[in-house]
Amino acid sequence: MPIEPLPLTARFMNTTTSAASLPPGTLGLPFIGETLAFLRDRNFARDRAARYGPIFKTHLLGRPTVFVCSEEGCRFVLANESKYFVVSWPPSTRKLLGSLSLALQTGGVHYQRRRILAQAFQPRALAGYIETMDAICCSFIERWLQVRSLAWYPELRQLTFDIACKLFVGMDSGSHNELGEQFELWCQGLFTLPLNFPWTRFGRARRNRDWLLQQLEEIIRKRQESDDPGDDALGLLVRSRDEDGSQLGLDELKDQVLLLLFAGHETLTSSLVSFCLLVGQHPDVRDRLLAELDRLPDDAPLTLESLQQLTYLEQVLQEVMRCIPPVGGGFRTVIQECELDGYRLPEGWGVIYQIAQLHMNPDRYPDPDRFDPDRFAPGSDNPSQTYSYAPFGGGLRECLGKEFARLEMKIVAVRVLQACDWTITPDQDLSLVVIPSPRPRDGLRVVMRDRRSAG
Ligand code: HEM
């Protein structure tokens, strides 16, 4: 997302005066504040924004925190990375990702590493991923059509993990070996209280991290010792040099690869299951998607160009991520006191820019709970070019894998639509679990039928 110049009006400006008041809201109980409600209540931000307005204060994970839910507010936070704000994931996430992970690096090192990692997401690299993504996806679909009745979320999770393992570290069927199991347990600790005991989720996840790093070390060492480190993302990282000409060290490579495996499948699975849910609930949208797919040349391999022509699919995916953003928001710390919309943001406080609430603004999205892909129709007042729409964040830390994610979502969507007719099984809980990323509570149980054999 391009960063537009900021209006330096009196409402959005740095200030060292303490005349401005703190945002409205409550800090909750001593020490734990409102942490438990935040972790358990999916309407936490919605309810408080309705009560206090789009900028409110609370107390989370050990410190006072301001939620920012307005378009201008999100733009201010995202455009002022490193000036007033710096990324600061919760303590459990920080410890499990590792300090050498791009998501935690800041300043010049972050900039430099981002340039290196970005090479794995250039258009030429992306074009080279299509065949693998397509082949893995089609093999999962064949299996689903044989099983016919399944919980889709865990299946989609395996699919995205297999793709990430193959494209990032060259490993086949990652979800079917111990790596997949350990990885799942590690993910479960990412957003928890950082209590390091053998019986806590966080404590177990720390041990899973140690195990995963050992495996990654073996894989990385082999590549480093080989004359040909390979063409996948790991090969690229092993060959890369920073501006001083030095290579990334083993510890950093392990953290960066772990991040890619995580980022490369957790959020993607969420967006795919939401697509299957929402399209399954809207037959009119599915019919329009199928009509668009009929225009794809028969049996021709998918390419970046042919996928680009699927403009209605693009709209549907945008609306899916508006309604159920895979990442609910981003965590920051105020590094220099500033003023936002007349409120003081003190140095040291936490800030969360809230994507989920941003996407529910009725002024931008009339009847915001309605699933309506025509909101993103070309030529209309398309909100995707503004800060009212930010599923991938924005500014210096905009999602590095955005184009990879969009590509994989499109390929899976095309193949699923072409091959499968699915019905959402009644009598299941479709309400969303939101941490670490949204998914239907019962895993989206569906019954499948092969469209191709139905003629
Ligand atoms: C639908 C899928 C995805 C969504 C919605 C998504 C969303 C996001 C968001 C909102 C951020 C910014 C967080 C912040 O502001 O602190 C982010 C960062 C990031 N994403 Fe994604 N992401 C997706 C898929 C991916 C994929 C497939 C990859 C890589 C394989 C990836 C890699 C990253 C990385 C490395 C960062 C950190 C960037 C930095 O700090 O400079 N993401 N993502």
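Residues numbered from 1 in each chain as written. Predicted model: local features only at pLDDT ≥ 70, side-chain atom pairs only at ≥ 80, totals over all residues. Heavy atoms only, no water.

Under the annotation held in an unreviewed UniProt entry, the protein carries the name Cytochrome P450 and is attributed to Rubidibacter lacunae KORDI 51-2. Its UniProt record gives the protein the following Cofactor (unreviewed entry) comment, quoted word for word: "heme". (UniProt positions renumbered as here; feature names shortened; annotations may be inferred.)

## So, the overall build of the protein
Regarding its fold elements, the protein presents 18 helices and 13 strands. Relative to a compact globule of 455 residues, whose C-alpha radius of gyration would be 23 Å, the protein shows 22 Å and is just as compact. Within the protein, buried positions represent 55% of all 455 residues. At a minimum sequence separation of 6, the contacts of the protein that also span at least 24 residues come to 71%. Carbon together with sulfur atoms contributes 51% to the accessible area of the protein, which is approximately 20,200 Å² in total. Taking the average location of the 51 positive side-chain charges in the protein and that of its 58 negative ones, the two points are 4 Å from each other. (Helix = DSSP H or I, 4+ residues; strand = E, 2+ residues; numbered from the N terminus. Rg over C-alpha atoms; globule rule 2.2 N^0.38 Å. Buried < 20%, exposed > 50% of the residue type's maximum accessible area, 1.4 Å probe, protein only. Contact = heavy atoms within 4.5 Å. Areas by Shrake-Rupley, 256 points an atom, 1.4 Å probe, with all protein chains shown as cover. Lys, Arg positive; Asp, Glu negative; His and termini not counted. Charge placed at Lys NZ, Arg CZ, Asp CG, Glu CD.)

## Regarding the pairing of strand 3 (residues 63-68)
Most of strand 3 is tucked away: five of the six residues are buried. In the sheet, strand 2 (residues 55-60) pairs with strand 3 via six bridges, with the strands oriented antiparallel. Bridge assignment links T58 to a residue of strand 3, and that residue is T65. In this sheet, strand 9 (residues 350-354) lies alongside strand 3 in parallel orientation, the contact comprising four bridges. Pairing of F67 across the sheet is with I352, part of strand 9. (Pairing = 2+ DSSP bridges.)

## Thoughts on the site of the ligand
Taken together, 28 residues are adjacent to the ligand, and H110, R114, R332, Y353 and C399 come closest. A distance of 2.8 Å is found between an oxygen atom of the ligand and a side-chain nitrogen or oxygen belonging to R114. For the ligand, an oxygen atom lies 3.0 Å from a polar atom in the side chain of R397. The greatest single-element share of the shell around the ligand, amounting to three residues, is contributed by helix 12 (residues 266-281). Per-class residue counts for the shell around the ligand are 19 nonpolar, six polar and three charged. (Near = heavy atom within 4 Å. Polar contact = N/O pair within 3.5 Å; in protein donor to acceptor, adjacent residues only side chain to side chain. Nonpolar A, V, L, I, M, F, W, Y, C, P; charged D, E, K, R; others polar.)

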